[in-house]
Amino acid sequence: MDKILPVLLQLPLLAEQTLCSHHDQEWKTKDNPCRRTSKVFSLLIVAIGVYAKVQKATDTVRDTFLIDPAVILIVVGVVMFFITFCGCIGALRENIRLLKTFSFSLTLVFLTQLAIAVLGFFYSDQTRDALGKFVKKAIVHYRDDLDLQNLMDYIQKEFKCCGWNNYTDWSWNLYFNCTLGNPSSERCGVPYSCCAPIPGEVVVNTMCGFGVQTQSYLEATKSIYPVGCADRAVMWIESHLLLVGALALGLALPQIAGIVLSQILISQIQDEISSVL
């Protein structure tokens, strides 16, 4: 999900910029693809988020609201629908106010992404601490929120890591807490997603992480990935700098193109109005 989500978030903008950036008579046709397609992606994201939120039985868990993937999808879908609506209707009706709203909103989104990237680079320690707080919440509510559970399992499997700093972070969770008074059967354990796969294993052993927190680092390496996901993420970024740069450029260029083209269209409409007057 962490790899698919950024792509989903960009689909509405990419569709809108592709279909709605050309000042052409085609916009005025009744069967206008701009009006049909550009909003479908945004509404789809909102629908997925609403469906996921309704299906969950964790409404009492308010502490996870800001990191709930379903809530993130709903908010992003609504914002993207608003931006694409302003761009499409503004271009279709040659409405300068809507086009300016679209350009301003898209500029704000782009600058926000740029600011986050710059601050994350220059304040890497603070960024790591902030992300660590979110991951700690995800670990604490691992058994309470199915979305967070699936997300944590996916991250740990993909990056071959366990916890944020190391595998003992799972003591933050009530069920995996390693205190003597913990009656849970999973006491001192870690989720199965931390476990290193055994060659030739057909059925996944979901109990492979039981009691691992009582073992030393070297002993734990025999059955799980003891390295924290924070270190693994840094290692992945450092070894895939070209890919990260290409993705950043691929996401930035369509947004810049949308801003520039909308300003050109605004200028053309203003020139037409001036010539008539």
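As the structure is a prediction and not an experimental result, all values here were calculated from the model.

Procedures and definitions
Residues numbered from 1 in each chain as written. Predicted model: local features only at pLDDT ≥ 70, side-chain atom pairs only at ≥ 80, totals over all residues. Heavy atoms only, no water. Helix = DSSP H or I, 4+ residues; strand = E, 2+ residues; numbered from the N terminus. Buried < 20%, exposed > 50% of the residue type's maximum accessible area, 1.4 Å probe, protein only. Salt bridge = Lys/Arg side-chain N within 4 Å of Asp/Glu carboxyl O. Axes fitted to C-alpha atoms, helices over the stretch in contact; angles between N-to-C directions. Parallel < 35°, antiparallel > 145°, perpendicular 65-115°, else oblique. Left-handed = near helix turned anticlockwise from the far one by under 90°. Contact = heavy atoms within 4.5 Å. Nonpolar A, V, L, I, M, F, W, Y, C, P; charged D, E, K, R; others polar. Expected span 1.5 Å × (residues − 1). Arc of directions from axis to C-beta. Phe/Tyr/Trp six-rings, centres within 6.5 Å; stacked < 30°, edge-to-face > 60°. Lys NZ or Arg CZ within 6 Å of the ring centre and 35° of its normal. Patch = residues over 30% accessible without salt bridge, like charges linked within 9 Å, V, L, I, M, F, W, Y side chains within 5 Å. Areas by Shrake-Rupley, 256 points an atom, 1.4 Å probe, with all protein chains shown as cover. Disulfide = S-S within 2.5 Å. Core = buried A, V, L, I, M, F, W, Y, C linked by side-chain atoms within 4.5 Å.

Let's hear about the environment of Gln 268: which residues, and what values?
Turning to its location among the elements, Gln 268 is positioned in helix H9 (residues 241-276). According to the relative accessible area criterion, Gln 268 is partly exposed, its value standing at 35%. The spacing of Gln 268 and Glu 94 is 174 residues in sequence and 9.8 Å in space, taken between C-alpha atoms.

Could you give an account of the pattern of salt bridges, with specific residues and numbers?
Side chains that differ in charge, positive against negative, can pair when their charged atoms come close. Under the counting rule described, the total for this entry stands at two salt bridges. Here Asp 231 and Arg 128 are joined by a salt bridge, their closest N and O atoms 3.1 Å apart. With Asp 231 in helix H8 (residues 229-239) and Arg 128 in helix H5 (residues 124-140), this residue pair connects regions lying 103 residues apart in the sequence. Arg 143 is the partner of Glu 186 in a salt bridge, and the nearest nitrogen-oxygen pair spans 2.4 Å. Residue Glu 186 is located in the loop between helix H6 (146-159) and helix H7 (217-220), and its partner Arg 143 is located in the loop between H5 and H6; the two are separated by 43 residues in the primary sequence.

Give me the lowdown on the packing of helix H4 (residues 96-122) against H9, citing residues and values where you can.
Two numbers describe how H4 lies on H9: the axes approach to 9 Å, and their chain directions differ by 155 degrees. Looking at the two axes, H4 sits roughly antiparallel to H9. Of the two possible hands of crossing, H4 and H9 adopt the one that is left-handed. When H4 is examined against H9, the residues Ile 96, Leu 99, Lys 100, Phe 102, Ser 103, Leu 106, Thr 107, Val 109, Phe 110 and Gln 113 are found in contact with a partner set consisting of Ala 252, Gln 255, Ile 256, Gly 258, Ile 259, Ser 262, Gln 263, Leu 265, Ile 266, Ile 269, Gln 270 and Ile 273. When its residues are assigned to classes, the contact of H4 with H9 shows 13 nonpolar, eight polar and one charged.

Please give an account of H5 that cites residues and values.
Between the first and last C-alpha of H5 there are 24 Å, a value that for 17 residues agrees with the 24 Å anticipated at 1.5 Å per step. Among the residues making up H5, those that are buried are Gly 132, Val 135, Ala 138 and Ile 139. All buried residues of H5 project into a common sector of 115 degrees when viewed along the axis, lining one side. In H5, the exposed positions that point more than 90 degrees away from the buried face belong to Asp 129 and Lys 133. In the core, the buried residues of H5 are packed alongside H6.

Provide a residue-level description of the packing of aromatic side chains, including the pertinent values.
Between two aromatic rings, the relevant description is the distance of the centres plus the angle of the planes. This model, assessed by the stated rule, comprises six aromatic pairs. Chaining the aromatic ring pairs together yields one cluster made of Tyr 142, Trp 170 and Phe 176. For Lys 136, the ring lying beneath its charged end belongs to Trp 172, and the centroid distance is 5.2 Å.

Describe a nonpolar patch on the surface, naming the residues involved and giving the relevant values.
Residues Leu 111, Leu 114, Val 118, Leu 119, Phe 121, Phe 122 and Tyr 123 make up a contiguous nonpolar surface patch of roughly 750 Å² in combined accessible area. If you trace the backbone, Val 118 turns up in helix H4.

Outline the state of the cysteines, supporting the account with residue identities and numerical values.
With the rule as written, the count across this model stands at four disulfides. There is a disulfide in this structure between Cys 178 and Cys 188, and the S-S distance comes to 1.8 Å. On the sign convention where negative is left-handed, the bridge of Cys 178 and Cys 188, at about 100 degrees about the S-S bond, is right-handed. Of the two residues, Cys 178 is situated in the loop between H6 and H7 and Cys 188 in the loop between H6 and H7; the sequence distance between them amounts to ten residues. No disulfide involves Cys 86; its sulfur sits 9.9 Å from the nearest other cysteine sulfur, which is in Cys 88.

Describe the nonpolar core, listing the residues and the values that go with them.
Formed by 18 residues in total, the largest nonpolar core has its most connected members in Met 152, Tyr 167, Trp 170, Val 190 and Ile 224. Per-element accounting of this core gives the leading share, three residues, to H5.

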